[in-house]
Amino acid sequence: MWSDTQARSPAAPPSAKGPLGSSSLAASTPALQGPLWGRGHSAPCSRGAQEKRVPWIREAPRLRQSETEAYQFIMEYLSQDQQPEVDNLKFLKAVETLSGAVRAQGNGNMNDYYPLITLTERIEALILQESTEFLTSSVRQQAMLCIVALSQVKPSFHESQKLDLVNAGIYSVFSLPLIMPSPDWKDTASLYMQTVQALDEMLQALMMEDMNPNMLMLQNFLEIILPWLTLSEKVHEQTRALGTISRLLRFICKFPQLSHMMEFLMSGKLMGILGLFCMDSNQEISAEASEALHYLFTILALQRSLKQKTETILKNLQKSFRGEWFAHVQDLILFFGNYLTPEERADVIMVSMEAMTNTSRYDSCTASNMLKLILKDSIPEIGKVPEIIQYIYYNMMSITETTAQMTMQKILHLMAQTYTDEVILTLIEMEDQSHKGVHKPWEILASFPKGYEVIMEHLLQRLTPHKRPRGQESSQRTEISPLIATRALHELLLEPSRRTEVQTFFPSLFMTLLFQVSFLVVEGRHEVIHEEKHVAEWVDPVRSTVEALKTLMWSSGYGEYVSYIHNLGTWELLMDPERHFEGVTLLARAMVTKKCWHNGPICRLIFEVLHNQESSNHLTALTFVTELLRCPEVAAIVDEVATRILAKWFHCEEPAPVKLLLQVAVTFAKHGNMVRQLRILQPYVLNCCYSTDIDIVMETFLVLKCLIEHLTWQRSSSFFIQLAFMLRPFFDEESEHLRLSAFEIYERILAKTKRKILVFPLKHQVLNLIVLLVFHLKDENVNVAQICRSALCHTANILGWSRLKVVFAEKDEWTILSALLEQETNKALWFLKQSVGFFKSPQAPIRQVAVWFAGQIIQVLDVEDPSEVEEAYTGASHRAQNLLPSPAALLCAKHHSRVCVTALRYMRKDPDPTISCLATQIFYVLEAKEKLLASFSTSCFCRRRLRKHYF
């Protein structure tokens, strides 16, 4: 009579080796421990082993005669443990009768007659007592109908009671053997159909809540039924499961309102499973799955589509009812994209991927084709991305079928393009948890050229915080940190097949990773690790980023450079907080030395970074570009716009960028063909001479020396003249190094100046500084004195003073001043003005020679107009309060009487005794000459005038 002659015990589940056996679909169902007891409910003990139940003694409400008899039979029946089949059927009939009586009472309650829970347990036991080897009794059928009757009275079944009953009914019916041809097979088939119908009615009754189907309860029922479909190896069990699901869904289609539809989370999983079975090779399974899928689509259309579209959708569905599998797949594509939530779509993908991992039960090509079709055009929003990636990560190596492998790779590729952050973060976390790198997923991500570029671009944006990702920000649920992005880049760069794409990204990746290293070194790796919740404790962010930088160079064909840089110790310097920028300099210098052909694009990129004045990477960028500009090919791409970008950084308050820009000016000068660019920087360089930072000033003077050395007079004459005027205040600096630098610069300007090109402004300055140069022959710094003598010789050449040139080169300052005054007597007043200015010099030897020379000049001056004497006297008396006479008064008054006495009077108080003594001597000489001149002027009215000369 039956095909399966071997009996199966009630606890025997369908095979747990099916494709979905490890999924939540199987793990959360009772089939893993037996179709009946999987929800944690223990199997009921046999009635003979239980205690005798105490009869229900509460006084029952008034009943009719037949109802009273039914009630009394129930009391008697339940007081005994074992009953024959006839009494079992009579008991079930009595329960139905009593249920009808209670229901007719309106507010009646079954507990008023007998505890509902006791009745339910006894009915459940009757179902389980029925044999699963053959079907000859109608007890299980009547028991299920009895449950239907009880579901219509109060109190309602608890959820656990419903699940126990469903578990028992499903097991009792699905476990029956397949009906085979026999003499009485028609009767058996009829009884089986009635039993199945009773099961359907019981499921429908238990699913109802307030006149509407409860979708959460349906979800629980499906978790019980689906393992019979996915884990069973018997066709008739799969067919029964599909038929039951189909009839449940058809029943639900009749109701416009469904309870807890929003909480129903099985749509995606159910659609995936039914879609797979819809393409099964077995015609019966395929037909049942197609019908069930049709009703699922109908429910989704009724519940989730717009009302004006619902009718059209239902008509189209009806056309494909029981059609070919391709028609159902077309509908599946439609509903997958438009009527499923992101999480439900993920369930469809997960079901298909699980099917591809088990070729013994499913046709992996079928699952692959279904996934290809639903993901063909564009991937809609998908949930549960980490779960999908984890499944791919752990199962990729176990897939052997070529089509399935390609489909799995495409899924990973599409996910990585659309949900890059979530995919990357999931892969990194799994590697950290396993402490071993599984490079296969990264190889897959790198195997699609266009997708590789998209992913690299996205990671690059994540490394650059001020850039917003294009087209993904609205749908991105997780955002990875720069450190995670760096690690992902490292993994992708290890794939050698993408060298062309890597070279395209090389400038951006190189500088971005270098900026990341600088940030980590400056901010401190420990602080960054503390903020990274997804980073393993064993990860060193600085070393990890440096390794990514090295790998980038290797993968771009610069392996030789990596070794060269390693030999210089550059990599370690980059990770040293105190010498990091030294490492940046050496890295850039190596790129120039090895003539890296990416230097030009890198330079352009740096100027884009520097264009943003708020960039936090400016110091690293300036350090790197300062070295790159030493390469003539790189410097050639620097136009006026780029130069002005550099010039703006001279206003930076930090000294380090300014020093770098000063070096850039030197580089421009050395190239020789960048005069126009250098002219833009020259005003900023000169302005650095007035910085409050002495180191900046000293660095500027070193740069000015270099500029003078490499610039020509023809192209930079205005700069030389401006510099000559600018240097005057620095000749009196107390700092010997700064003073020496100023004189060296001036001496180099004079060396470049020729007599035939000496223009008026510079000639005026040269004449104005002759006395200063002579005075500084007495400078405390011997080097300054030597520079001043050389400068005097250059001055004599420029001015054509051949006789004085010999004196300047060989004689002492006293002789030089006397010869200068003798030759240039007409400039005596000018020399006097310069001399008086040095009365305040901090160096005593210079004050001494200034006082002496002033005395010499005053003694050769003749008398002018008497009114000038009075004017000079008045001016000198007025400035006596400031310790020194006004230079203007000295220039206006040629008379050596009262004004000269006033000018030297306060020099007698100089702290240096030699100077005070010299001033006193001159003071007395002038007083004597004043008296002599006064007596002479009364007898002689002629005056010997000193001819005036003007410059």
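The structure displayed is predicted, hence computed values, not measured ones. (Residues numbered from 1 in each chain as written. Predicted model: local features only at pLDDT ≥ 70, side-chain atom pairs only at ≥ 80, totals over all residues. Heavy atoms only, no water.)

A separate point is the overall build of the chain. A count of helices and strands for the chain gives 47 helices and 2 strands. In the chain, which comprises 951 residues, the proportion classed as buried is 55%. Within the chain, counting contacts between residues at least 6 apart in sequence, those at least 24 apart form 73% of the total. A total accessible area of about 42900 Å² is found for the chain, and carbon and sulfur atoms account for 51% of it. (Helix = DSSP H or I, 4+ residues; strand = E, 2+ residues; numbered from the N terminus. Buried < 20%, exposed > 50% of the residue type's maximum accessible area, 1.4 Å probe, protein only. Contact = heavy atoms within 4.5 Å. Areas by Shrake-Rupley, 256 points an atom, 1.4 Å probe, with all protein chains shown as cover.)

Contact geometry of helix α7 (residues 185–207) with helix α8 (residues 215–230) gives a least axis separation of 9 Å together with a crossing angle of 140°. One element, α7, and the other, α8, form an angle in the oblique class. Packed against α7, whose contacting residues are Leu203, Leu206 and Met207, the element α8 presents Met217, Leu218 and Phe221 at the interface. Residues that form the contact of α7 with α8 fall into these classes: 6 nonpolar, no polar and no charged. (Axes fitted to C-alpha atoms, helices over the stretch in contact; angles between N-to-C directions. Parallel < 35°, antiparallel > 145°, perpendicular 65-115°, else oblique. Nonpolar A, V, L, I, M, F, W, Y, C, P; charged D, E, K, R; others polar.)

This next bit is on the nonpolar core. Of all hydrophobic cores here, the largest spans 310 residues; its most connected members are Phe91, Met353, Met415, Phe510 and Phe624. Tallying contributions element by element places helix α22 (residues 499–523) first for this core, with 12 residues. Excluding residues within four positions of it along the chain, phenylalanine 91 makes contact with Phe73, Ile74, Tyr77, Leu78, Leu119, Arg122, Ile123 and Leu126. (Core = buried A, V, L, I, M, F, W, Y, C linked by side-chain atoms within 4.5 Å.)

According to the stated counting rule, one finds 19 salt bridges in the structure shown. For lysine 594, the salt bridge is made with glutamate 560, and the minimal N-O distance between the two is 3.4 Å. Placement of lysine 594 in the loop between α27 (580–593) and α28 (599–611) and of glutamate 560 in helix α25 (residues 559–567) is noted, with a sequence separation of 34 residues between them. Lysine 594 gets classed as partly exposed once you look at its relative accessible area, which sits at 26%. (Salt bridge = Lys/Arg side-chain N within 4 Å of Asp/Glu carboxyl O.)

A few words on unusual backbone geometry. Following lysine 154, the chain continues to proline 155 via a peptide bond in cis, the omega torsion being -5°. Checked against the element boundaries, proline 155 lands in the loop between α5 (139–150) and α6 (159–174). The phi torsion at aspartate 210 lies on the positive side, around 55°, for a residue other than glycine. Of note, aspartate 210 is situated in the loop between β1 (208–209) and β2 (212–213). On the basis of relative accessible area, aspartate 210 is assigned to the exposed category, the value being 67%. For lysine 595, which is not glycine, the phi torsion reads 55° and is therefore positive. With respect to the helices, strands and loops of the structure, lysine 595 is situated in the loop between α27 and α28. Taking relative accessible area as the criterion, lysine 595 reaches 67% and is therefore assigned exposed.

In total, this model carries 0 disulfides according to the counting rule given. Lacking any disulfide linkage, cysteine 689 is separated from the closest cysteine sulfur, that of cysteine 688, by 7.3 Å. Note on cysteine 689: relative accessible area 2%, which makes it buried. (Disulfide = S-S within 2.5 Å.)

Within this structure, the stated rule accounts for 24 aromatic pairs. Consider the rings of tyrosine 171 and tryptophan 228, whose centres lie 6.4 Å apart with planes at 50°: the pair is tilted. You can see tyrosine 171 sitting in helix α6 and its partner tryptophan 228 sitting in helix α8, a full 57 residues away along the chain. Each member of the pair, tyrosine 171 as well as tryptophan 228, is classed as buried. For the pair phenylalanine 297 and phenylalanine 335, a centre-to-centre distance of 4.6 Å together with 10° between the ring planes defines the contact as stacked. With a gap of 38 residues between them, phenylalanine 297 in helix α11 (residues 283–304) and phenylalanine 335 in helix α13 (residues 325–338) connect regions that are remote in the sequence. One aromatic cluster is present, built from ring pairs that chain together Phe506, Phe510, Tyr558, Tyr561 and Phe624. Across the ring face of tyrosine 564, the terminal group of lysine 594 is positioned such that the distance to the ring centre comes to 4.7 Å. (Phe/Tyr/Trp six-rings, centres within 6.5 Å; stacked < 30°, edge-to-face > 60°. Lys NZ or Arg CZ within 6 Å of the ring centre and 35° of its normal.)

Before going further, it helps to spend a moment on helix α12 (residues 307–319). Residues of α12 that are buried include every one of Thr310, Ile313 and Leu317, and no others. Buried residues in α12, looked at end-on, bunch into an arc of 75°, giving them a common side. Away from its buried face by more than 90 degrees, α12 exposes Gln308, Glu311, Lys315 and Lys319. (Arc of directions from axis to C-beta.)

Between α11 and α12, the shortest axis-to-axis distance is 10 Å and the interhelical angle comes to 175°. Compared by their axis directions, α11 and α12 come out roughly antiparallel. For the pair α11 and α12, the contacting residues are His294, Phe297, Thr298, Ala301 and Leu302 in the first and Thr310, Ile313, Leu314, Leu317 and Gln318 in the second. When grouped by side-chain class, the residues that make up the contact of α11 with α12 number 6 nonpolar, 4 polar and no charged.

Another point: the environment of tryptophan 713. Relative to the assigned elements, tryptophan 713 resides in helix α35 (residues 713–726). Separated by 41 residues in sequence, tryptophan 713 and lysine 754 place their C-alpha atoms 9.2 Å apart. For tryptophan 713, the contacting residues outside a window of four places in its chain are Phe720, Lys752, Thr753, Ile757 and Leu762.

To continue, consider the environment of tyrosine 684. With respect to the secondary-structure elements, tyrosine 684 resides in helix α33 (residues 675–687). We classify tyrosine 684 as partly exposed; its relative accessible area is 27%. When the C-alpha positions of tyrosine 684 and tryptophan 649 are compared, they lie 9.8 Å apart, and in sequence the two are 35 residues distant. If near-sequence neighbours (up to four positions away) are discounted, tyrosine 684 is found in contact with Ala647, Phe650 and His651.

The pLDDT averaged across the chain works out to 81; a share of 81% of its residues lies at or above 70. Note that pLDDT drops below 50 for residues 1–59; the model gives that stretch 157 contacts with residues more than four away or on any other chain. Contacts from residues 939–951, a stretch scored under 50 in pLDDT, to residues over four places away or in other chains number 19 contacts. (pLDDT = per-residue confidence, 0-100.)

Take the environment of glutamine 714 next. Relative to the elements of secondary structure, glutamine 714 occurs in helix α35. Between the C-alpha atoms of glutamine 714 and isoleucine 757, which are 43 residues apart in sequence, the distance is 9.3 Å.

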